[in-house]
Amino acid sequence: MPATINILEIIELKKTLDEKFDIKMHIHDACGGQYFSTDNLNPAGKEYIIDYFKNKNYQVIFTSNDTEFYLEDIRTC
C-alpha cells in the first residue's frame, strides 16, 4: 500500500529539487494515497529523491518512464 507523507516534507523536497536540480515535482492525491510526478527528472535528481526517502524509511517506486513515483514504507515492504 502506498505511504502518505506530510506536507512539510513535500515542501522541503520540492524546494531542494527545484533549486539544486531544476526539477519540478508535483503531488497528486488519489483515493489510494499520494503519488508524485516530475518535470525534467535527471539521474542526479532521481538519486537524490531515492536517498531522501530512504533516510525517512520509504522506498521510492518509479513508473517505467520515471515520470511518476509513489512511496512504500520500508518497514512494511
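Coordinates for the structure precede this section.
Conventions and cut-offs
- Residues numbered from 1 in each chain as written.
- Predicted model: local features only at pLDDT ≥ 70, side-chain atom pairs only at ≥ 80, totals over all residues.
- Heavy atoms only, no water.
- Axes fitted to C-alpha atoms, helices over the stretch in contact; angles between N-to-C directions.
- Helix = DSSP H or I, 4+ residues; strand = E, 2+ residues; numbered from the N terminus.
- Parallel < 35°, antiparallel > 145°, perpendicular 65-115°, else oblique.
- Left-handed = near helix turned anticlockwise from the far one by under 90°.
- Contact = heavy atoms within 4.5 Å.
- Buried < 20%, exposed > 50% of the residue type's maximum accessible area, 1.4 Å probe, protein only.
- Pairing = 2+ DSSP bridges.

Draft legend 1. The arrangement of the packing of helix α1 (residues 7-21) against helix α2 (residues 43-54) in detail. Closest axis-to-axis distance for the α1/α2 pair is 11 Å, and the angle between their directions is 155 degrees. The angle between α1 and α2 places the two elements in the roughly antiparallel class. For the pair α1 and α2, the crossing hand works out as right-handed. Together, Glu9, Glu12, Leu13, Thr16, Leu17 and Phe21 of α1 and Ala44, Gly45, Tyr48, Ile49, Tyr52 and Phe53 of α2 make up the contact between the two elements.

Draft legend 2. Molecular detail of the pairing of strand β3 (residues 58-62). Of the two faces of β3, only the one carrying Tyr58, Val60 and Phe62 is buried; Gln59 and Ile61 on the other face are not. As paired elements, β3 and strand β4 (residues 68-73) share five bridges and run antiparallel to each other. Bridge assignment links Val60 to a residue of β4, and that residue is Leu71. Two successive antiparallel strands, β3 and β4, enclose a turn made up of five residues, where Asp66 displays a positive phi of approximately 60 degrees.

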